[in-house]
Amino acid sequence: MTDSSLVSEAEEHVRQHAEALTQPGTAECLGCYVARMLDTFGCDETLRWARRFRDLRSPRADGLERRLGAMGGFCDCEIFLNGIRPARHVLVRDIDTDELETPEELPDCAGVHSTSTRPCGNWERVRRR
Ligand SMILES: [Zn+2]
Ligand SMILES: [Zn+2]
């Protein structure tokens, strides 16, 4: 075996590992998936995770970016700034301030239909003032 084939084998391994890491769960929703990816990989100022979710789960949902844009989500993190936020039952009460806050770790996805691009019951729409 030559050195270069060793290298490409290692690269292939890393690639496959990254593929598996960035795979949406079978019933995982767009919101939980993108939140999970942002937690690990961050936002690159595009809708890359939302798009990846769409491509893998619901390739024909070509209105998704428009729909996200309509609620102010022009990149993955903006979906959570302007579009959706954890629903009330997901929040935890801060003992010091007595205010409801987003938990460190979001609960498991409540699940959606396998081709749905809607967030599950753990999310609600951000109401704009
Ligand atoms: Zn962003
Ligand atoms: Zn979910």
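All of these numbers come straight from a predicted model, not from anything done at the bench.

S.K.: Please provide a residue-by-residue account of the packing of aromatic side chains, values included.
M.R.: Inspection of the entire model under this criterion finds 3 aromatic pairs. Look at tyrosine 33 and phenylalanine 53: their rings are 5.5 Å apart centre to centre, the planes differ by 40°, and that puts the pair in the tilted class. Here tyrosine 33 is found in helix 2 (residues 30-41), whereas its partner phenylalanine 53 is found in helix 3 (residues 48-57), with 20 residues between them in sequence. A residue is classified by how much of its surface remains accessible, and tyrosine 33, at 0% relative accessible area, is buried. Taking the centre distance of 5.3 Å and the plane angle of 35° together, the rings of phenylalanine 41 and tryptophan 49 count as tilted. For phenylalanine 41, a relative accessible area of 36% gives the class partly exposed.

S.K.: Break down the side chain of aspartate 76 for me, with residues and values.
M.R.: Turning to its location among the elements, aspartate 76 is positioned in helix 5 (residues 76-83). There is no salt bridge for the buried aspartate 76, and the closest opposite charge comes from arginine 48, which lies 5.0 Å off by N-O distance. A polar contact is formed between the side chain of aspartate 76 and the backbone nitrogen of tryptophan 49, at a distance of 2.9 Å.

S.K.: So what's going on with the coordination of the zinc ion (ligand 1)? Which residues, and what values?
M.R.: At 2.2 to 2.3 Å from the zinc ion (ligand 1) lie its protein donor atoms, namely Cys43 (SG), Cys75 (SG) and Cys77 (SG). For the zinc ion (ligand 1), the donor residues sit on a single chain with the sequence spacing C-x31-C-x1-C. With a gap of 34 residues between them, cysteine 43 in the loop between helix 2 and helix 3 and cysteine 77 in helix 5 connect regions that are remote in the sequence. Cysteine 77 gets classed as partly exposed once you look at its relative accessible area, which sits at 31%.

S.K.: So what's going on with the environment of alanine 27? Which residues, and what values?
M.R.: Its place among the elements puts alanine 27 in the loop between helix 1 (3-21) and helix 2. Placed 52 residues apart in sequence, alanine 27 and isoleucine 79 show a C-alpha to C-alpha distance of 20 Å. The contact partners of alanine 27, leaving out residues within four places of it in the chain, are Arg57, Cys109, Gly111 and Val112.

S.K.: A description of the coordination of the zinc ion (ligand 2) should follow, citing residues and the corresponding values.
M.R.: Donor atoms from the polypeptide that coordinate the zinc ion (ligand 2) comprise Cys29 (SG), Cys32 (SG), Cys109 (SG) and Cys120 (SG), at 2.3 Å from the metal. One can describe the site at the zinc ion (ligand 2) as tetrahedral: its 4 donor atoms subtend angles covering 107 to 115° at the metal. Here the donor residues of the zinc ion (ligand 2) are spaced in sequence according to C-x2-C-x76-C-x10-C. With cysteine 29 in the loop between helix 1 and helix 2 and cysteine 109 in the loop between strand 3 (100-101) and strand 4 (123-125), this residue pair connects regions lying 80 residues apart in the sequence.

S.K.: Before we move on, can you summarise the packing of helix 2 against helix 5 with the specific residues and values?
M.R.: For the pair helix 2 and helix 5, interaxial distance at closest approach is 9 Å and the crossing angle is 120°. With respect to their mutual orientation, helix 2 and helix 5 come out oblique. Here helix 2 and helix 5 pass one another in a crossing that is left-handed. On the side of helix 2, the interface is formed by Gly31, Val34, Ala35 and Leu38, while helix 5 contributes Asp76, Cys77, Ile79 and Phe80.

What counts and how
- Residues numbered from 1 in each chain as written.
- Chains lettered and ligands numbered in written order.
- Predicted model: local features only at pLDDT ≥ 70, side-chain atom pairs only at ≥ 80, totals over all residues.
- Heavy atoms only, no water.
- Phe/Tyr/Trp six-rings, centres within 6.5 Å; stacked < 30°, edge-to-face > 60°.
- Helix = DSSP H or I, 4+ residues; strand = E, 2+ residues; numbered from the N terminus.
- Buried < 20%, exposed > 50% of the residue type's maximum accessible area, 1.4 Å probe, protein only.
- Lys, Arg positive; Asp, Glu negative; His and termini not counted.
- Salt bridge = Lys/Arg side-chain N within 4 Å of Asp/Glu carboxyl O.
- Polar contact = N/O pair within 3.5 Å; in protein donor to acceptor, adjacent residues only side chain to side chain.
- Donors = N, O, S within 2.8 Å, 3.2 Å for Na, K, Ca; no water.
- Contact = heavy atoms within 4.5 Å.
- Tetrahedral: all angles 85-135°; square planar, octahedral: opposite > 155°, others 65-115°.
- Axes fitted to C-alpha atoms, helices over the stretch in contact; angles between N-to-C directions.
- Parallel < 35°, antiparallel > 145°, perpendicular 65-115°, else oblique.
- Left-handed = near helix turned anticlockwise from the far one by under 90°.

Everything listed is a geometric property; what it means functionally is a separate question.
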